[in-house]
Amino acid sequence: QPLGPVHARRTFAVDDSEPTGAEPSLDVTDIISAAAVYAAGQIGVRRIVAFSQSGFTARLVARYRPPSPIMAFTPASRVARQIQLIWGVRPFVAEFQVGSLEDIVNVVERELLAAKLVVPGDRIIILMGHPVRERPLANLLRVHRIRSL
């Protein structure tokens, strides 16, 4: 009898050699991406949203083949075109300025509701860099329940 799909899981070791208070590294973004995929499978989220300047976070999440579709929000149409080639990722061009975490959540919620990809009450995972104005690599994972408009 054929086996079902196999999903790879990575294990991570703590690297104590990095000084305390260092800038977020690729390792942090990779761990956040893996955690998002794990959480999506455990709590049954409707979508994983990567808010990304370059599409890098969406690429990392897609590498883990999550059970939930990936929505990638980016301000650049060039990046959105590149993201279309990534497994399981649907790009959205965010043609607006965001300055805070709540701005990002509101934009994501509004766009996903308008596209009929979520309904009020659905849970989504949002990956983003904080503080937003500095445009860091993703270092924050938020589980969010879609509110009604």
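Heads up: these notes are all about the structure in this document. (Residues numbered from 1 in each chain as written. Predicted model: local features only at pLDDT ≥ 70, side-chain atom pairs only at ≥ 80, totals over all residues. Heavy atoms only, no water.)

### Regarding the pairing of strand 1 (residues 47-51)
Counting buried residues along strand 1, five of its five residues qualify, which places the element largely inside the surrounding structure. Residues Arg 47, Val 49 and Phe 51 point to one face of strand 1 and Ile 48 and Ala 50 to the other, with burial holding for every one of them. By the bridge criterion, four bridges tie strand 1 to strand 4 (residues 123-128) in an arrangement that is parallel. If you follow Ala 50 over to strand 4, its bridge partner there is Leu 127. The pairing of strand 1 with strand 2 (residues 70-74) spans four bridges and is parallel. Considered in strand 2, the bridge of Ala 50 is made with Ala 72. What joins strand 1 to strand 2 is helix 2 (residues 56-63), and the crossover it makes is right-handed. (Buried < 20%, exposed > 50% of the residue type's maximum accessible area, 1.4 Å probe, protein only. Helix = DSSP H or I, 4+ residues; strand = E, 2+ residues; numbered from the N terminus. Pairing = 2+ DSSP bridges. Right-handed = clockwise from strand over helix to strand, strands pointing away.)

### Some details on the packing of aromatic side chains
Two aromatic rings, taken as a pair, are described by how far apart their centres are and by the angle between their planes. Applying the stated rule across the entire model yields two aromatic pairs. When the ring of Phe 73 is compared with that of Phe 92, the centres are 4.8 Å apart and the planes differ by 10°; the resulting orientation is stacked. Taken together, the residues Phe 73 in strand 2 and Phe 92 in strand 3 (residues 89-93) connect sequence positions 19 residues apart. The pair formed by Phe 73 and Phe 92 is uniform in burial state, with each residue classed as buried. By way of ring pairs, the aromatic residues Phe 51, Phe 73 and Phe 92 are connected into one cluster. (Phe/Tyr/Trp six-rings, centres within 6.5 Å; stacked < 30°, edge-to-face > 60°.)

Purely geometric stuff here, so don't read any function into it on its own.
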